[in-house]
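Coordinates in review
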Amino acid sequence: MAGHNKWSKVKRQKAVTDSRRSKAWAVITRDIMVAAREGGKDPTMNARLALAIQKAKGKNMPKDNIERAIKRGAGEIEGQDYKECTYEGYTAQGVAVMIDALTDNTNRTVAEVRSVFSRNGGSMAKSGSVAYLFERKGYIQIPAHIIDELELLELVVDAGAEDVESMDEMYAVITPVEVFESVQAILTEAGITMDDSRLVRIPMTTVEKPPDQIYQTHALVEKLDDLQDVQEVFTNLEM
């Protein structure tokens, strides 16, 4: 029986790993398709696509999958037409939540998001009733060991970036949305590796909650994040 139990645990762990990998691949695939659709299929001319490909390789996505996603996004082969959507809501604890999704079926996605909120005591909100609490910004993460902070600051500020934050052996470059792609392009031209690069929603003010409510909020966020069409979830919870 001990051997059986051990094997069952191994199978459960593998199922969880496979599920997470499938979710990660689906998210990256959609990102590649949208990037190729909006900026073209040449990653040397499309910083968003180049980074999406880099993420795909980091998640061990097969080369064929990456190439198919690029071709679908560029319209060379048929595939789903994904739409970028944003959903807003509040947790039962009064924490504001913003959800960015990419979907080929908005009716399915909104139903799934609403279901997660309702099952966890939260509620969806009307468009704009939560968004005003957040600022849309570009976020670029760079390993600290590859460039001096002052040198990086001078490089990105000249391109229109707002700030460079130093955190745990990496730098976070914050940019206005309108210069996000040009800052990426300048970093690429300078040969600087980006670990991550995406648009994020930064809360303008945050709310503090007791530990039990923080846990409940995290539980809701994880369930939303597990939805296949959800790309990212943001809250104004103070950490």
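To be clear, the structure that these remarks concern was listed above.
The paragraphs below set out a description of the structure included in this document.

The rules behind the values
- Residues numbered from 1 in each chain as written.
- Predicted model: local features only at pLDDT ≥ 70, side-chain atom pairs only at ≥ 80, totals over all residues.
- Heavy atoms only, no water.
- Helix = DSSP H or I, 4+ residues; strand = E, 2+ residues; numbered from the N terminus.
- Buried < 20%, exposed > 50% of the residue type's maximum accessible area, 1.4 Å probe, protein only.
- Contact = heavy atoms within 4.5 Å.
- Core = buried A, V, L, I, M, F, W, Y, C linked by side-chain atoms within 4.5 Å.
- Pairing = 2+ DSSP bridges.
- Expected span 1.5 Å × (residues − 1).
- Axes fitted to C-alpha atoms, helices over the stretch in contact; angles between N-to-C directions.
- Polar contact = N/O pair within 3.5 Å; in protein donor to acceptor, adjacent residues only side chain to side chain.
- Salt bridge = Lys/Arg side-chain N within 4 Å of Asp/Glu carboxyl O.

**So, the environment of L227**
Its place among the elements puts L227 in the loop between α7 (211-225) and β8 (230-235). Taking relative accessible area as the criterion, L227 reaches 15% and is therefore assigned buried. Considering only alpha carbons, one finds L227 and T109, 118 residues apart in sequence, at a separation of 8.4 Å. If we ignore the near neighbours within four places in the chain, the residues touching L227 are K23, E112, V113 and V116.

**Some words on unusual backbone geometry**
In the Ramachandran plot, N60 falls in the positive-phi region, its phi being about 60° despite a non-glycine side chain. Assignment of secondary structure puts N60 in the loop between α2 (47-58) and α3 (63-74). The residue E169 is not glycine, and still its phi comes out positive at about 65°.

**A word on the side chain of T91**
Structurally, T91 is set in the loop between β1 (83-90) and β2 (96-103). A relative accessible area of 6% means that T91 is categorised as buried. Contacts of T91, omitting those with residues within four sequence positions, involve V97, G122, T217 and L220.

**Quick word on the nonpolar core**
Formed by 17 residues in total, the largest nonpolar core has its most connected members in I140, I142, L152, V156, V173, V183 and L187. Listed by contribution, the elements that provide at least two residues to this core are β4 (134-143), α5 (149-158), β6 (170-176) and α6 (180-189). With 3 residues, α6 is the single largest residue contributor to this core. Grouped together as the second largest cluster of nonpolar side chains are 16 residues, I28, I32, A35 and I53 included.

**Thoughts on the pairing of β4**
For β4, a buried count of 7 out of 10 residues is recorded, marking the element as mostly surrounded by other parts of the structure. By the bridge criterion, 8 bridges tie β4 to strand β7 (residues 196-203) in an arrangement that is antiparallel. Of the residues in β7, the one forming a bridge with F134 is P203. As paired elements, β4 and β6 share 7 bridges and run antiparallel to each other. By the bridge assignment for β6, Q141 is matched with A172.

**As for α3**
Between its first and last C-alpha atoms α3 spans 17 Å; for 12 residues at 1.5 Å apiece the expected length is 16 Å, and the two agree. Downstream of α3 by a residue or two, G75 has a phi angle that is positive, lying close to 85°.

**Some thoughts on the sheet that holds strand β5 (residues 163-167)**
As summarised here, the arrangement of the 4 strands in space is β5-β6-β4-β7, forming an open sheet in which the pairing is antiparallel. Unpaired on one side and paired on the other, β5 and β7 mark the two borders of the sheet. Mean inter-strand twist for the sheet, computed between neighbouring axes without regard to direction, equals 30°. Here α6 sits on the sheet and contacts β4, β6 and β7; the angle it forms with β4, its principal contact strand, is near 5°.

**Some details on the side chain of T109**
Within the secondary structure layout, T109 lies in helix α4 (residues 106-119). Within the structure, the side chain of T109 is placed 3.1 Å from the backbone oxygen of N105, a separation counted as a polar contact. For T109, the side chain forms a polar contact with the side chain of D229, separated by 2.6 Å. Among residues more than four places away in sequence, those in contact with T109 are Y87, A101, T103 and D229.

**Some details on the pattern of salt bridges**
What the rule picks out here adds up to 14 salt bridges. The residue R48 makes a salt bridge to E84 at a minimum N-O spacing of 3.6 Å. With R48 in helix α2 and E84 in strand β1, the pair connects residues that are 36 residues apart, well separated along the chain. Owing to a relative accessible area of 23%, R48 belongs among the partly exposed residues under this scheme. With a closest N to O distance of 2.9 Å, R108 and D104 form a salt bridge. Ionic contacts of the salt-bridge type, sharing partners, join the residues D31, R37, E38, R48 and E84 into one network.

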